[in-house]
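Read off the chains here:
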Amino acid sequence: AASVVRRGTVRLSSLGSGHKDLKLIISERKNVRQTMKNFSKAQQGASNYLSKWAESEENEAIQDVVAKMMELSSSWFDVQRDLIRDMKQNVALFEKILDAEKTLDQARKHLESCQAKEKKLKKEIERLEKKGEDTSTLHTKLGTASSSTELAAAELEGCHRETEAAKASLLRSALSEYAESFQRMASRCGVVFAAQQKLACLLPEFHGRDSSIPSYTGSSEASSIVREAHIHIRTGASPGSTSVAKKRRVISIFLLVPFP
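A few points on the structure. Because the structure is a prediction, the values reported are computed rather than measured.

### Brief notes about the overall build of the protein
So, point 1. Secondary structure summary: the protein contains 6 helices and 0 strands in total.
So, point 2. Seen in sequence order, the protein has helices and strands lined up from the N terminus as α-α-α-α-α-α.
So, point 3. Buried residues in the protein amount to 34% of all 260 residues.
So, point 4. By sequence separation, contacts in the protein at least 24 residues apart represent 72% of the contacts at least 6 residues apart.

### Considerations on the side chain of S47
So, point 1. Looking at where S47 falls in the secondary structure, it is placed in helix α2 (residues 20-55).
So, point 2. Residue S47 is classed as buried on the basis of its relative accessible area, which comes to 13%.

### Let's talk about the nonpolar core
So, point 1. Formed by 29 residues in total, the largest nonpolar core has its most connected members in L72, W76, M185, L199 and L202.
So, point 2. Elements that contribute at least two residues to this core include exactly α2, α3 (60-131), α4 (136-200) and α5 (219-235).
So, point 3. It is α3 that contributes the most residues to this core, 13 residues altogether.
So, point 4. With 9 residues, the next largest nonpolar core counts L93, L98, L170 and A174 among its residues.

### What to know about the pattern of salt bridges
So, point 1. Under the definition given, this model contains 15 salt bridges.
So, point 2. Between R85 and D82 there is a salt bridge, and its shortest N-O distance comes to 3.4 Å. In this pair, R85 and D82 both sit in helix α3, 3 residues apart, roughly one turn of the helix.
So, point 3. Under the relative-accessibility criterion, R85 is labelled partly exposed at 42%.

### Regarding the packing of aromatic side chains
So, point 1. According to the stated counting rule, one finds 2 aromatic pairs in the structure shown.
So, point 2. Ring centres of W76 and F193 lie 5.2 Å apart, and the angle between their planes is 75 degrees; this geometry places the pair in the edge-to-face category. Residue W76 is found in helix α3, and its partner F193 is found in helix α4; the two are separated by 117 residues along the sequence.
So, point 3. W76 gets classed as buried once you look at its relative accessible area, which sits at 5%.
So, point 4. Above the ring of Y178, the side-chain terminus of R29 is found at 4.5 Å from the ring centroid.

### Some thoughts on the environment of F77
So, point 1. Note that F77 resides in helix α3.
So, point 2. Take F77: its relative accessible area is 9%, and that puts it in the buried class.
So, point 3. C-alpha of F77 to C-alpha of S40: the two residues are 37 residues apart in sequence and 6.8 Å apart in space.
So, point 4. When residues no more than four places from it in sequence are discounted, the contact partners of F77 are S40, Q43, Q44 and S47.

### Brief notes about the packing of α3 against α4
So, point 1. At their nearest, the axes of α3 and α4 sit 8 Å apart, and the two run at 170 degrees to each other. The orientation of α3 relative to α4 falls into the category roughly antiparallel.
So, point 2. For the contact of α3 with α4, the residue count by class is 37 nonpolar, 14 polar and 16 charged.

### Remarks on unusual backbone geometry
So, point 1. Even without being a glycine, H19 presents a positive backbone phi close to 60 degrees.
So, point 2. The topology assignment puts H19 in the loop between α1 (2-14) and α2.

### Some points on the environment of Q80
So, point 1. Within the element layout of this structure, Q80 appears in helix α3.
So, point 2. For the pair Q80 and M185, spaced 105 residues apart in sequence, the C-alpha separation works out to 7.3 Å.

Conventions used here
Residues numbered from 1 in each chain as written. Predicted model: local features only at pLDDT ≥ 70, side-chain atom pairs only at ≥ 80, totals over all residues. Heavy atoms only, no water. Helix = DSSP H or I, 4+ residues; strand = E, 2+ residues; numbered from the N terminus. Buried < 20%, exposed > 50% of the residue type's maximum accessible area, 1.4 Å probe, protein only. Contact = heavy atoms within 4.5 Å. Core = buried A, V, L, I, M, F, W, Y, C linked by side-chain atoms within 4.5 Å. Salt bridge = Lys/Arg side-chain N within 4 Å of Asp/Glu carboxyl O. Phe/Tyr/Trp six-rings, centres within 6.5 Å; stacked < 30°, edge-to-face > 60°. Lys NZ or Arg CZ within 6 Å of the ring centre and 35° of its normal. Axes fitted to C-alpha atoms, helices over the stretch in contact; angles between N-to-C directions. Parallel < 35°, antiparallel > 145°, perpendicular 65-115°, else oblique. Nonpolar A, V, L, I, M, F, W, Y, C, P; charged D, E, K, R; others polar.

See the structure below:
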């Protein structure tokens, strides 16, 4: 319902000013960014409760593994903040496209205004000539108006070329950077959650009816896993080869969009 209201508001604000679809693109991308912020905030809340619960536990394995996971979660939230920041910059590129379109609109309106003035003078001259009145002053004004119209037409043509070139360049940057941001996020996402899975596997398993609590010996390994993950996140490398298909699945999970 909220999205319908938001789109309706954009459509109403676009009446008479044009560029409805472009304004909807900007509005929806802002919504994507806000949804990302809400998603990240919800994850942080869930992580905080997990951490609070683990701290109250007497089991050393639970305490240590969850504490190390919280370190990785902190890095994951940083990754998401980077993506949210990139989305803001992405929206700004589409806003620049809109600004270019508005500049072109102004050039069109200026030409229309010059043409209307020239047309009005021609009608006035024609009316006065029928009455046999002097039109020399109006002819002078008409010459000036005609020159203004020609100049406005040339400016519009130049503005149109510049706008089309700017739109193509800005859209190229927007789409390319958008894809790059998600690829970077996907790569780091893979590092973080592969490390979290390794940490989870350090928790002791209970087999059969054995009720004894196995001793926890994974603290050193857990620290090593986190340290290695942080290095790979900072450098942008991955701790092993990651196929394109795996990266696509990571993006799919994050966006809740199925990939073929």
